[in-house]
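The lines below spell out each chain.
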Number of protein chains: 2
Amino acid sequence: MPEFDLIARIHARAATRRDVLLGIGDDAAILRVPPDRDLVVAMDTLNSGVHFPEDTAPADIGWKALAVNLSDLAAMAATPAWCTLSLSLPQPDAAWVDGFLDGFLALATQHEVALVGGDTTRGPLSICVTAHGLVDPRGALRRKGARVGDDVWVTGTLGDAAGALRQWQAGGAFDPALRARLDRPTPRVAAGRALAGIAGACIDVSDGLLADLGHVCRASRVGAVLDVDALPASDALRCAFDRETVRVLQSAGGDDYELCFTAPKTARLALESALFACDVPATRIGRITAEAVVIQLHDADGAAWSPPRRGYEHFGS
Amino acid sequence: MPEFDLIARIHARAATRRDVLLGIGDDAAILRVPPDRDLVVAMDTLNSGVHFPEDTAPADIGWKALAVNLSDLAAMAATPAWCTLSLSLPQPDAAWVDGFLDGFLALATQHEVALVGGDTTRGPLSICVTAHGLVDPRGALRRKGARVGDDVWVTGTLGDAAGALRQWQAGGAFDPALRARLDRPTPRVAAGRALAGIAGACIDVSDGLLADLGHVCRASRVGAVLDVDALPASDALRCAFDRETVRVLQSAGGDDYELCFTAPKTARLALESALFACDVPATRIGRITAEAVVIQLHDADGAAWSPPRRGYEHFGS
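What counts, and at which threshold
- Residues numbered from 1 in each chain as written.
- Chains lettered and ligands numbered in written order.
- Predicted model: local features only at pLDDT ≥ 70, side-chain atom pairs only at ≥ 80, totals over all residues.
- Heavy atoms only, no water.
- Helix = DSSP H or I, 4+ residues; strand = E, 2+ residues; numbered from the N terminus.
- Rg over C-alpha atoms; globule rule 2.2 N^0.38 Å.
- Buried < 20%, exposed > 50% of the residue type's maximum accessible area, 1.4 Å probe, protein only.
- UniProt positions renumbered as here; feature names shortened; annotations may be inferred.
- Contact = heavy atoms within 4.5 Å.
- Buried area = accessible area lost by both parts, 1.4 Å probe.
- Salt bridge = Lys/Arg side-chain N within 4 Å of Asp/Glu carboxyl O.
- Polar contact = N/O pair within 3.5 Å; in protein donor to acceptor, adjacent residues only side chain to side chain.
- Nonpolar A, V, L, I, M, F, W, Y, C, P; charged D, E, K, R; others polar.
- Expected span 1.5 Å × (residues − 1).
- Least-squares fit on C-alpha atoms with pLDDT ≥ 70 in both.
- Pairing = 2+ DSSP bridges.
- Core = buried A, V, L, I, M, F, W, Y, C linked by side-chain atoms within 4.5 Å.
- Axes fitted to C-alpha atoms, helices over the stretch in contact; angles between N-to-C directions.
- Phe/Tyr/Trp six-rings, centres within 6.5 Å; stacked < 30°, edge-to-face > 60°.
- Lys NZ or Arg CZ within 6 Å of the ring centre and 35° of its normal.

So, the overall build of chain A
- Scanning chain A for helices and strands turns up ten helices and twelve strands.
- Taken over the C-alpha trace, chain A has a radius of gyration of 20 Å; the compact-globule value for 317 residues is 20 Å, and the two agree within 12%.
- Referenced to the eigenvectors of the C-alpha coordinate spread, the extents of chain A come out at roughly 60 × 50 × 30 Å.
- Taken over 317 residues, chain A has a buried fraction of 61%.

Topic: the UniProt feature "binding site: substrate" (unreviewed entry) in chain A
All names here are of chain A.
- With numbering aligned to this structure, UniProt lists the feature "binding site: substrate" (unreviewed entry) at His-51, Asp-255 and Tyr-312.
- Mapped onto the fold, Asp-255 is located in the loop between helix H9 (243–252) and strand S10 (259–263).
- What makes Asp-255 buried here is its relative accessible area of 16%.
- Residues in contact with Asp-255, not counting those within four places in the same chain, are Lys-64, Ala-161, Arg-181, Leu-182, Val-205 and Ser-206.

Examining the interface of chain B and chain A
- Contacts between the two partners involve 65 residues from chain B, matched on the other side by 66 residues from chain A.
- Regarding the contact of chain B and chain A, the summed buried area is about 5300 Å², with carbon and sulfur atoms giving 57% of it.
- Across the contact surface, chain B and chain A share six salt bridges.
- Among the ionic pairs, Arg-143 of chain B bridges to Asp-26 of chain A, the shortest N-O distance being 3.7 Å.
- At the surface where chain B touches chain A, the tally comes to 25 residue pairs in polar contact (both at pLDDT 80 or more).
- Here the element with the most residues in the side of chain B that touches chain A is strand S3 (residues 38–47) of chain B; it accounts for nine residues.
- A per-class count over the side of chain B that touches chain A returns 33 nonpolar, 18 polar and 14 charged.

Focus: the side chain of Gln-250 of chain B
Residues and elements named next belong to chain B.
- Within the secondary structure, Gln-250 sits in helix H9 (residues 243–252).
- With a relative accessible area of 2%, Gln-250 lands in the buried category.
- At 3.4 Å, the side chain of Gln-250 forms a polar contact with the backbone oxygen of Leu-231.
- A polar contact of 2.6 Å, which involves the side chain of Gln-250, links it to the backbone oxygen of Pro-232.
- Setting aside residues up to four positions removed in sequence, Gln-250 forms contacts with Leu-158, Gly-159, Leu-209, Val-228, Leu-231, Pro-232, Ala-233 and Leu-237.

Regarding helix H2 (residues 58–75) of chain A
All names here are of chain A.
- Helix length check: H2, at 18 residues, gives a terminal C-alpha distance of 26 Å against a target of 26 Å (1.5 Å per residue), a fit within 8%.
- Where burial is concerned, most of H2 is hidden: 17 out of the 18 residues are buried.
- Downstream of H2 by one or two residues, Ala-77 has phi in the positive range, about 70°.

Notes on the relation of the copies chain B and chain A
- With an RMSD of 0.0 Å, the operation that places chain B on chain A is a rotation of 180° combined with a shift of 0.0 Å along the axis. The symmetry that links the two subunits is that of a two-fold axis. Of every C-alpha in chain B, the one belonging to Pro-35 of chain B sits nearest the axis of rotation, 2.5 Å from it.
- Here 100% of the interface residues in chain B have copies in chain A that are interface residues too; the copies meet face to matching face.

Here we look at the pairing of strand S11 (residues 282–289) of chain A
Residues and elements named next belong to chain A.
- Bridge count between strand S7 (residues 151–155) and S11: five bridges; the pairing is antiparallel. Pairing of Trp-153 across the sheet is with Arg-284, part of S11.
- Summarising the sheet, strand S9 (residues 223–227) and S11 pair through four bridges and their orientation is antiparallel. By the bridge assignment, Ala-224 is partnered in S11 with Ile-288.

A look at the pairing of strand S12 (residues 295–298) of chain B
All names here are of chain B.
- Side chains Ile-295 and Leu-297 of S12 all project onto a buried face; the interleaved residues Gln-296 and His-298 project onto a face where none is buried.
- Pairing of strand S9 (residues 223–227) with S12 involves four bridges; the strand directions are parallel. Each bridged residue has a counterpart across the sheet, and for Asp-227 the counterpart in S12 is His-298.

Here we look at the nonpolar core
- In this structure, Phe-100, Phe-104, Ile-127, Leu-195 and Phe-261 of chain B are the most contacted members of the largest nonpolar core, which totals 61 residues.
- Broken down by element, this core gets its largest block of residues, ten residues, from helix H2 (residues 58–75) of chain B.
- With sequence-adjacent residues up to four places away left out, Ile-127 of chain B is seen in contact with Asp-44, Thr-45, Leu-46, Phe-52, Ile-61, Ala-65, Leu-85, Ser-86, Leu-87 and Phe-100 of chain B.
- With 58 residues, the next largest nonpolar core counts Leu-85, Leu-89, Phe-100 and Leu-259 of chain A among its residues.

Regarding the sheet that holds strand S6 (residues 126–135) of chain B
- An order of S1(A)-S2(A)-S3(B)-S6(B)-S4(B)-S5(B) is seen for the six strands of this open sheet, with the pairing classed as mixed. Of all the strands in the sheet, the pair left with one neighbour each is strand S1 (20–22) of chain A together with strand S5 (114–122) of chain B. Shown here is a sheet whose adjacent strand axes are inclined to one another by a mean of 20°, direction ignored.
- In this sheet, S6 of chain B lies alongside strand S4 (residues 79–89) of chain B in antiparallel orientation, the contact comprising nine bridges. The residue bridging Ser-86 of chain B from the neighbouring strand is Cys-128 of chain B, located in S6 of chain B.
- Lying on the sheet, H2 of chain B is in contact with S3, S4 and S6 of chain B; it crosses S3 of chain B at an angle near 145°.
- Helix H3 (residues 94–110) of chain B contacts S4, S5 and S6 of chain B of the sheet and is inclined by roughly 160° relative to S4 of chain B.

Looking at the packing of aromatic side chains
- Under the defined criterion, the tally for this structure stands at six aromatic pairs over all chains.
- Ring geometry for Trp-153 of chain A versus Phe-261 of chain A: centroids 6.1 Å apart, planes at 5°, classification stacked. With Trp-153 of chain A in strand S7 and Phe-261 of chain A in strand S10, this pair connects stretches of sequence that are 108 residues apart. Each member of the pair, Trp-153 of chain A as well as Phe-261 of chain A, is classed as buried.
- Ring plane angle 20° and centroid distance 5.3 Å describe the contact between Trp-96 of chain B and Phe-100 of chain B, whose orientation is recorded as stacked. You can see Trp-96 of chain B and its partner Phe-100 of chain B sitting in helix H3, four residues apart, about one turn around the helix. For the pair Trp-96 of chain B and Phe-100 of chain B, one class covers both residues: buried.
- An aromatic cluster is present here, built from Trp-96, Phe-100 and Phe-104 of chain A joined pairwise through their rings.
- In this arrangement the basic side chain of Arg-284 of chain B is found over the ring face of Trp-153 of chain B, its NZ or CZ atom lying 6.0 Å from the centre.

Structure follows, in structure tokens:
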């Protein structure tokens, strides 16, 4: 099966939008950005065995490849619009591509994202996606924007995906609820949009809470103090691991794709009502301090705590 | 060396532009599209051993990774503006990245393209680039736009890169002029822009003339007849191969990154003067016919000719 048949297969299933003037099937796509919007562009690659276990279902790989990019757009408060997909496959496997598209397009449909181009190539399994979003020029969120005294918040729960990965690595029984969080992360698009104009700084938690909050602190030249026992955990995570392991997975694990953001104390009510409106839970986990790029953790009793390995600074994510 | 150091290394060397509101260093880039322009997006991946010989210099890989994308923008008559880069490397090799950037950024500078984001990941050597361009909504060129009776044109010379690949595969002596055409293709950006409003259809020749002109014919529901002896060849190609091989390399080889376009006969003077102004040679090689998707070739004596393998329809480019 030549490349063009795979592209035709993708083309046949890709939806379009009115602002796509030219989609799949030419040298490039032509897209119309409204005059009152800025363009937001994120690009992330998933490599087999590095970003997902080799036994991951094609549909889950498809979902995740788009989800990690939409999560980046969410962290900027952007509304997703279009994406391009570059798929490297060892063999031109039509059944694999069909499965991949099931997951990829399910998420694309959910967010009304049009797949407008890209390519298919021969090579080790690798998926590169570029996601394009639109944002109100006054409303974009950035890492630089945390102020001393701000609250630190996080959406959803932390540590589930890292817990699933640990169970997978151990090779024993695993919890399907945790595995679903690893394979099918939820990009917090509505929450990101709701935070525009309220939050100060925002980032998506992909490398682990401490590493990603570290990026916010570095960009904003501030520090943070966190209550490790306030970090939101799912019941599944608490059931599967002891308290210390839960803390490590939550603070230093990766692949959560929740939003971590800062906001002044005066914004608490506005925040809670904005996030309630889009049905996304959020938890206050600490506050921003003046000591640049120092993140301190304490437990519910006020005792200092730190994970065995600070952050999760890995080549490969 | 962790991922962030590689990104810092890239960030330190990447130029910016006034329309880049936020570049490398956040979850996504924020870009401003002028209200009178449409956005043009192309995405192409190069995998080691598939799209370039393993012994290719990092700087040449960098150049080519951007060039093949700018070539796609050129074929739409777009002006390049921004790009994102996803780099998968087996090891976080700083010297390799420095070399890669030498080539990548040399071409980016030439075309005033700002590198605004992307990622670095661990994996088999693979480079994915998304290029963004801007186009006058009335001036974009497409594959669909060839009319019966139109002339078929091509810029520059054909077959050089395929000739270099053949020499490399043979493992013997090679011509550096040909190899330079394989490693450092010239995206015909100025020519593409000059063709806006004059040409009917346009495509860049990446998979080989017959395959790519086939795409134009399919999109436009037309055919073509070409004079194989009119195909422009470099002296280096003519010196390195016999006449029959030259014909095959020119018609069925790939990686030329010249523009193949159609235009009415009445536009000949306008075309020649527009291309002369940007110093790009172009050659008339045939005409568009009514017989859909049939491309016939003849030689200078009018005898039918066809390559041993029609086109170059491969999974992997």
